[in-house]
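Per-entry structural report
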Amino acid sequence: MSQVIGFQCPHCNAPLDINPEDAIFNCEACGQALLSDGSIFDNHYILSNSISKGNIQDIVKNFIKKKGKLRGIKKYKITNISPILLPFWSVAVSASTHYMGYRQYTETRTRTRRGSKGQTITTTEHITVYRHVENNINEKRLVVLIGRRGSSMYGYENAKEIIRRDFNKAVPFNHNQLVKTEKDFQYLSSEIAADAANQLAKTVVFDDHRAQAEKACTKVFDCATQITFEGVYFVHIPVWKVDYHFKGETYRVAISGNTGEIIIGEIPVTKIFRMIFLSLTFLFLIGGGTFSYFLGYSAVATSIAGIIVSLLGLLTLRNVFKPMTVVG
Amino acid sequence: MRSILCPNCSAPLEVDETQSVVKCPYCKVQSKTGKKEKIIEHFMLPVAYDISQIRTELVGDLLKQPGAPDDLHKSLKFTKVSLKYYPYWIITVHNRSNYTGNGEYATYSWPYRSGYRQIKFHLKPEKGVFDDEREFIIFAAEEVNQYLLDFQIATRGKVYYDKNEAKKIKADVVQSIFNLDQAKQEAVNSMRDIHKGLILKEITQIIEVTDNPIVKSVYQLHIPFYFLNYEVHGRSFDAIMDGATGRTVITKTPRSASYWVQISALSVFFGLLCSAGIFLAVQQILGYFGIFGAITGGLLIIRTLQLGFKRRYQETRRSKTRKRLFGRSTSWY
């Protein structure tokens, strides 16, 4: 049977455990990244992990202390820490878009003339004008895509930002290094293949440039984008997903293993917090009421005070009713 | 059954006719059997949360809502539980559309300050190409469930579909209304709609479009959902939970009696403030002081009722712009 193909690592010959999900996978013995046809893929990078389980307590403590003010959160307990290496595609593209359209806007003209009885009459006119818009968008950029379909893992979508910012700090993926600094991490591979990542990146840039053109014009007549790919990189970033319990409920925090910063995190909303914001609503009411009382002769002043206090109230009431705070 | 030899150690292996991958029991090397042309990729997500774990997840989410009864851990009782597998198709489509037609351009006259006061539109022949690739998730159950449509599905941890697995845990399997070709057609149609929308942005009259849609990858995925009816202190509620990830698709939120008292008190207060304000303003007592009360009372009572009566809780939701752009199917990027 000649059509039987064995799955063995072309780098170290170890048997490979393939998985129906993965479009790119790594040899368990040597860590070499391989494409689904078994060929070697070398553009594999990682933002190394620099924190350990011991740091997690402090990071979470600081996070709650800093972002969870006014809530009286004291007794919470970290119940689960799971480190995971999340896969991303980072596609370097150089894109140029030429667009053309028109823009419609208003010019205001104020004219002063002398009336028949010698008094001055001021008239204001609003005139609709049009202008031809023609422009180029030229940019080199790194499009970051998540390596999985659906972003149901906590903080996955938000971690894109870290890659966009810190991709220049990424180092080539090295198995030996991995065993030292990321040995506790669960490794997750990509479901999306390299050429699919290229195509999807193209669509992202294309849609984005068109949106920019549409923002600049009232109507776009023509918009054409040229894209050149300058490299596709498979990037892993270490993320610590932490669960903590507060009053019997679980809240989640995702921490970047590279910098120790919070990617996204949840903070409980306590009764104290709700009461504080409810009291604030009433304080604003009293303040605005006093102001209006003394300026009761002016309909404008009382209306403005009413609107400002209402807008503040919309925000404070939102805090009174929300289930929890999400930071990130 | 047929026999092949392991390409690594030459051990004889027995393979089923439909099997696409085989693992050698001796050297652990997996091999493709080459019989993959007719196999539809069909996966399922295993049910990772049993009913008691799902209860914990649900109660956890409910307790975070303001005014949830404190004793929910004890008082929540399931009255009806059903587990159903719903079908989704995950399809990547590449399309290249060449179009010809008439596109608009404008000429301007009557200069005024930074622009022109008059604009005239003209048509000119125009042609162009759209060439891109997009991914679609297609919800393929006959009954349209808006909450399942809006839910951000996860595909992690999928395994090859096996009817018996579903039977073992007494889960119903909802069959896809599309077969492979229909699902592909559905995705191709969505892709064509997107291209048509884009073309209509470039030209106003389409004369001819030739396209070449290619389905790059396709698979079917069955995802388990719990449909729950439950009671809290004699009142009935319902919820849908994702059995694979434990996330809440949708639930109504039970509230304690004291919560309703507080909401009523707050509403009555703002309501009185609003009416008092209107009264004072109309009667011209204290000048225009009443306007302040009328505005704040009116807006805040609306806000209180809007937030206080919010019954539904959804853990994930697809963004509205995506939905507007892509309708029933969706693309991730």
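Thresholds, definitions, all that
- Residues numbered from 1 in each chain as written.
- Chains lettered and ligands numbered in written order.
- Predicted model: local features only at pLDDT ≥ 70, side-chain atom pairs only at ≥ 80, totals over all residues.
- Heavy atoms only, no water.
- Helix = DSSP H or I, 4+ residues; strand = E, 2+ residues; numbered from the N terminus.
- Rg over C-alpha atoms; globule rule 2.2 N^0.38 Å.
- Buried < 20%, exposed > 50% of the residue type's maximum accessible area, 1.4 Å probe, protein only.
- Contact = heavy atoms within 4.5 Å.
- Lys, Arg positive; Asp, Glu negative; His and termini not counted.
- Charge placed at Lys NZ, Arg CZ, Asp CG, Glu CD.
- Areas by Shrake-Rupley, 256 points an atom, 1.4 Å probe, with all protein chains shown as cover.
- Phe/Tyr/Trp six-rings, centres within 6.5 Å; stacked < 30°, edge-to-face > 60°.
- Lys NZ or Arg CZ within 6 Å of the ring centre and 35° of its normal.
- Salt bridge = Lys/Arg side-chain N within 4 Å of Asp/Glu carboxyl O.
- Buried area = accessible area lost by both parts, 1.4 Å probe.
- Polar contact = N/O pair within 3.5 Å; in protein donor to acceptor, adjacent residues only side chain to side chain.
- Nonpolar A, V, L, I, M, F, W, Y, C, P; charged D, E, K, R; others polar.
- Patch = residues over 30% accessible without salt bridge, like charges linked within 9 Å, V, L, I, M, F, W, Y side chains within 5 Å.
- Domains from an automatic or database assignment.

Some details on the overall build of chain A
Along the backbone of chain A there are six helices and twelve strands. A compact globule built from 328 residues should have a C-alpha radius of gyration of about 20 Å, whereas chain A, at 29 Å, is more than 25% larger. When the backbone C-alpha atoms are referred to their principal axes, chain A occupies close to 105 × 60 × 35 Å. In chain A, which comprises 328 residues, the share counted as buried stands at 51%. The contacts of chain A with a sequence gap of at least 6 include a subset with a gap of at least 24, amounting to 73%. If the 38 positive side-chain charges of chain A are averaged to one point and the 27 negative ones to another, these points end up 15 Å apart.

Details of the overall build of chain B
Of regular secondary structure, chain B possesses eight helices and 14 strands. Considering chain B as a whole, with its 333 residues, one finds that 46% of them fall into the buried category. Relative to all contacts within chain B whose residues are 6 or more apart in sequence, the contacts with residues 24 or more apart total 71%. As presented, chain B carries roughly 16800 Å² of accessible surface, and 54% of it is formed by carbon and sulfur atoms.

Concerning the packing of aromatic side chains
The relative placement of two aromatic rings is captured by the distance of their centres and the angle of their planes. All names here are of chain B. Considering all chains together, one arrives at 32 aromatic pairs over all chains under this definition. Ring centres of Tyr259 and Trp260 lie 5.2 Å apart, and the angle between their planes is 70°; on these two criteria the pair is classed as edge-to-face. A centroid spacing of 5.6 Å and a plane angle of 65° characterise the contact between Phe269 and Phe270, whose relative ring orientation is edge-to-face. Judged by its relative accessible area of 0%, Phe270 falls in the buried class. Each member of the aromatic cluster is reached from another via a ring pair, and the members are Tyr86, Tyr88, Phe139, Phe151, Phe225 and Phe227. It is Lys158 that lies over the ring of Phe43; its NZ or CZ is 5.2 Å from the centre.

A closer look at the pattern of salt bridges
Residue and element names in this part refer to chain A. Taken as a whole, this structure holds 28 salt bridges over all chains when the rule is applied. For Glu125, the salt bridge goes to Arg111, with nearest N and O atoms at 3.0 Å. Here Arg111 lies in strand β5 (residues 76–114) and Glu125 lies in strand β6 (residues 120–146), a separation of 14 residues in the sequence. The partner of Arg141 in a salt bridge is Glu139, with the nearest N and O atoms 3.1 Å apart. Three or more residues joined by partner-sharing salt bridges are found here, namely Arg165, Asp166, Lys169 and Glu261.

Some thoughts on the interface of chain B and chain A
Between chain B and chain A, the residue contacts involve 86 residues of the former and 89 residues of the latter. Roughly 7200 Å² is buried in total at the junction of chain B and chain A, and carbon and sulfur atoms are behind 59% of that figure. Counting across the chain B and chain A interface gives eight salt bridges. On inspection of chain B and its partner chain A, the count reaches 15 residue pairs in polar contact (both at pLDDT 80 or more). Ranked by residue count, the leading element in the side of chain B that touches chain A is strand β7 (residues 115–139) of chain B, at 14 residues. Looking at the side of chain B that touches chain A residue by residue, the classes come out as 41 nonpolar, 22 polar and 23 charged.

A word on a nonpolar patch on the surface
A cluster of nonpolar side chains, contributed by Tyr293(A), Phe294(A), Phe279(B), Ile285(B) and Leu286(B), occupies part of the molecular surface with about 530 Å² of accessible area. Tracing the backbone shows Leu286(B) in the loop between α6 (257–283) and α7 (289–308).

What about the environment of Ile4(B)?
All names here are of chain B. With respect to the helices and strands, the residue Ile4 is situated in strand β1 (residues 2–5). For Ile4, a relative accessible area of 3% translates into the label buried. The sequence separation of Ile4 and Val22 amounts to 18 residues, and the corresponding C-alpha distance is 9.9 Å.

Quick look at the domain arrangement of chain A
All names here are of chain A. Examined at the domain level, chain A breaks down into domain 1 (24–91 + 142–191 + 232–265) and domain 2 (272–327). On the domain 2 side, the residues contacting the ten residues of domain 1 number seven residues. In total, about 750 Å² of surface goes out of reach between domain 1 and domain 2, with carbon and sulfur atoms giving 64% of it. Of all residues in domain 1, Leu70, Arg71 and Gly265 give up the largest surface area on contact with domain 2, accounting jointly for 61% of the area buried on that side. Along the contact surface separating domain 1 from domain 2 lie zero residue pairs in polar contact (both at pLDDT 80 or more). At the level of elements, α1 (53–67) and β11 (262–268) are the ones that each hand at least two residues to the side of domain 1 that touches domain 2. The dominant element in the side of domain 1 that touches domain 2, judged by the number of residues it contributes, is β11, at three residues. Residues of the side of domain 1 that touches domain 2, tallied by class, amount to five nonpolar, two polar and three charged.

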